[in-house]
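Secondary and tertiary structure notes
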Amino acid sequence: MTAVVRVEGLVVRYGGATALDGVDLTVEAGEMVALIGANGAGKSTLVKALSGLVGAEAGQITVRGRLAQVPEGREVFAGLSVDDNLRLGGWRNGRRGRDTSGIYELMPELSGLRRQAAGTLSGGQQQMVAIGRALMARPDILVVDELSLGLAPLVVRTLAGHLEALHRERGLAVLLIEQNARLALSMCRRAYVLEAGRTVLSGNAAELARDPRVAAAYLGGHVAAG
Amino acid sequence: MSDLIAYVVTGLGIGAGYALVGSGLVAIYRVTGVVNFAQGAFAVVAAMLTSTLLSAGLPHVLAESAAVLVAAGAGVLVGLIATGEPGAALIITLGVGVFAYAVEIVVWGDQPRSFAGLPGVLTVGDARIQAHYLLILAVTVPVFVAMGAFFGRTDLGKALTACASNRYAARVVGIDVRRMGLLAFALGGALGGLAGVLTTPIQQVTFDSDVTLIVNGFAAAILGGLTRPGVALAGGLLLGVAQTLIAGFGGGAYQLEVALLLMLTVMVVQATRAGALAGVAR
């Protein structure tokens, strides 16, 4: 297997504060991997570093192929229509790579909303726009920063279904960064735990879910049944 | 009646200049979030340069076009300086505007300048109207239509809007936000320059004409919350007509006062409305 993303010993500092302090992480081609961690553990910094939006102080990031990001909080272009949001997702592709019809086939929920301003949509619909926008870049790996944040469980299930289908049917690699550890561990085969800027645990997601340390810190103190 | 028609047409011509300056402000603000106080200077520089080029023997249209291009270049320059230092952009553009005075005085002196526009007088009813006023409108309206199409229909225009809408997301999808900002400044410079070359034949220009232009342009632009060029056009035209009507029938030139009053009213109304909305959101 070849790694689409390999992070080795990554250190990122903002001024004097150390946000990431030695992160090691690998995502193989076509693999779906979870990264869980509490608020302030450095999850979003890692996402920014992967997208090249912040620089590394030490360590290395290797990305093979294209990486696209679904940012935390959706970050849609509120005043632009759904279709424009999607088109701009293909900005790097040039004009020919901005046909949005494939996204509507994938997420039919959006096709009735094409002309609507993205800012007027519900949170779940905005998350779909953000995912669609990222897919427009034709990525080899999709980095999803907080899929479930602020969304109703039913909506989260729909979104998770879309991601799983993409992974299964198109072999898209996914790095799922989640505060909702239960969700992330149930969706992915492998997982990492990030604490205070370091990857402290990693391994099979189902096993991690049974790990008492993970259960205590991230699964509400209950050891997951199973 | 003939006075009224003449005043209205004159006002529309002058107002078109305000609208162009205002839309330049809008173009820059939309994309970069910077209120460019050096906007009036683009008009002055382009006007002065046109007068120089014309007296050097360059034909009309060519001279004006060259001046507009130079103004666009000046826009990029101001953009480079203003967007380099986040947070200080407003003060920087103000400083650049004042610095432009020095440059203009050194190059062109402190005397008013003008040049001939489109010759000829038209008779509408029994009102006599200089043809140049109609030329201003004939250029301005298509420019606004083109700008609307650019922002509304092209991917580049949408990418510019995206930068204003969500800078972070723009970077995430790979839009070069800084380059888009400079493009917006170039557009703002060109629009300001166009205002200068179009209105100078009817209103001579001095190094400090930018004050009138920027105040009126700002008043026009703020009607649309600094983000809607179409509203800036309507606002500019309205402002121009109001001012010429007041000057014509009232017998005094209250250009700045009218603009400031309008601006103040709009800002108070918008602040009240924003406050009300914030109250609902809470």
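Rules and cut-offs
Residues numbered from 1 in each chain as written. Chains lettered and ligands numbered in written order. Predicted model: local features only at pLDDT ≥ 70, side-chain atom pairs only at ≥ 80, totals over all residues. Helix = DSSP H or I, 4+ residues; strand = E, 2+ residues; numbered from the N terminus. Rg over C-alpha atoms; globule rule 2.2 N^0.38 Å. Buried ≥ 20, exposed ≤ 12 C-beta atoms within 10 Å, placed from the backbone. Pairing = 2+ DSSP bridges. Axes fitted to C-alpha atoms, helices over the stretch in contact; angles between N-to-C directions. Contact = placed C-beta atoms within 7 Å. Nonpolar A, V, L, I, M, F, W, Y, C, P; charged D, E, K, R; others polar. Domains from an automatic or database assignment. Core = buried A, V, L, I, M, F, W, Y, C linked by C-beta atoms within 7 Å. Expected span 1.5 Å × (residues − 1). pLDDT = per-residue confidence, 0-100. Arc of directions from axis to C-beta.

Before going further, it helps to spend a moment on the overall build of chain A. For chain A, the count of helices and strands is 8 helices and 9 strands. Computed over C-alpha atoms, the radius of gyration of chain A comes to 17 Å, within 12% of the 17 Å expected from 2.2 N^0.38 for 226 residues, which places it in the range of a compact globule. C-alpha extents for chain A along the principal axes are approximately 45 × 40 × 35 Å. Within the span of chain A, comprising 226 residues, buried residues form 45% of the whole.

All names here are of chain A. Spatially, S5-S6-S7-S3-S8-S9 is the arrangement adopted by the 6 strands of the open sheet, whose pairing is mixed. Among the strands making up the open sheet, the edge pair consists of strand S5 (67-70) and strand S9 (198-204). On average, each strand axis in the sheet is tilted by 20° relative to the strand beside it, whichever way the strands run. Bridge analysis of strand S3 (residues 32-37) against strand S8 (residues 190-195) gives 5 bridges, and the strand direction is parallel.

Residues and elements named next belong to chain A. Phi angles above zero are rare outside glycine, and glutamate 75 is one such case at about 50°. Tracing the chain through its elements places glutamate 75 in the loop between S5 and helix H2 (82-89). Judged by C-beta crowding, with 23 C-beta atoms within 10 Å, glutamate 75 ranks as buried.

What follows is about the sheet that holds strand S1 (residues 3-14) of chain A. Residues and elements named next belong to chain A. Reading across the sheet, the 3 strands line up as S2-S1-S4 and stay open at both edges, with antiparallel pairing between neighbours. With one partner strand each, in any of the chains shown, strand S2 (17-28) and strand S4 (58-63) form the two edges of the open sheet. Averaged over all pairs of adjacent strands, the angle between strand axes in this sheet comes to 15°, irrespective of strand direction. Examined bridge by bridge, S1 and S4 share 5 bridges and lie antiparallel to one another.

Turning our eyes to something else, we now look at the interface of chain B and chain A. Many structure descriptions define interface size as the accessible area lost when the parts assemble. Counting residues at the interface gives 14 residues for chain B and 19 residues for chain A. At the level of secondary structure, the elements contributing two or more residues to the side of chain B that touches chain A comprise helix H6 (155-165) and helix H7 (167-172) of chain B. Broken down by element, the residue count for the side of chain B that touches chain A peaks at 6 residues, all from H6 of chain B. When its residues are assigned to classes, the side of chain B that touches chain A shows 7 nonpolar, 4 polar and 3 charged.

Take the domain arrangement of chain A next. The domain architecture assigned to chain A consists of domain 1 (1-65 + 162-226) and domain 2 (67-139). Sorting elements by how many residues they give to the side of domain 1 of chain A that touches domain 2 of chain A places helix H1 (residues 43-50) of chain A first, with 3 residues.

This part covers the nonpolar core. Counting 157 residues, the largest nonpolar core has Ala34, Leu175, Leu176, Cys188 and Ala191 of chain A together with Val45 and Ala46 of chain B as its most contacted members. A domain-level breakdown of this core finds at least three residues from each of domain 1 (1-65 + 162-226) and domain 2 (67-139) of chain A. Once residues lying within four places of it in the same chain are set aside, the contact partners of alanine 191 of chain A are Val33, Ala34, Ile36, Ala184, Leu185, Ser202, Ala205 and Leu208 of chain A.

On to helix H8 (residues 177-199) of chain B. Compared with the 33 Å implied by 1.5 Å per residue over 23 residues, the 33 Å span of H8 of chain B between its first and last C-alpha is a close match. In terms of residue burial, H8 of chain B counts as a mostly covered element, since 19 of its 23 residues are buried.

The subject of this paragraph is the environment of glycine 240 of chain B. Residues and elements named next belong to chain B. Residue placement: glycine 240 occurs in helix H10 (residues 229-250). Using a count of 27 C-beta atoms within 10 Å as the deciding quantity, one classes glycine 240 as buried. Glycine 240 sits 162 residues away from valine 78 along the chain, and the two C-alpha atoms are 28 Å apart. Ignoring any residue separated from it by four or fewer positions in sequence, one finds glycine 240 in contact with Gly11, Leu12, Ile14, Gly15 and Tyr18.

Looking now at the confidence of the model for chain B. Summarising the model, chain B shows a mean pLDDT of 89, and 95% of its residues fall at 70 or more. Reported confidence for the predicted complex is 0.88 by ipTM and 0.87 by pTM.

On to helix H4 (residues 89-108) of chain B. All names here are of chain B. Over its 20 residues, H4 extends 27 Å from the first C-alpha to the last, a length consistent with the 28 Å expected when each residue adds 1.5 Å. If you check which residues of H4 are buried, you get Ala89, Ile92, Thr93, Gly97, Ala100 and Glu104. Looking straight down H4, one finds that the buried residues subtend no more than 140° of arc, so they occupy a single side. Every exposed residue of H4 that faces more than 90 degrees away from the buried side is listed here: Ile91, Val98, Ala102 and Val106. Residues of H4 that are buried sit in contact with helix H2 (39-55), helix H3 (62-84) and helix H9 (210-223). Once H4 finishes, glycine 109 follows within two positions and takes phi at roughly 80°, a positive value.

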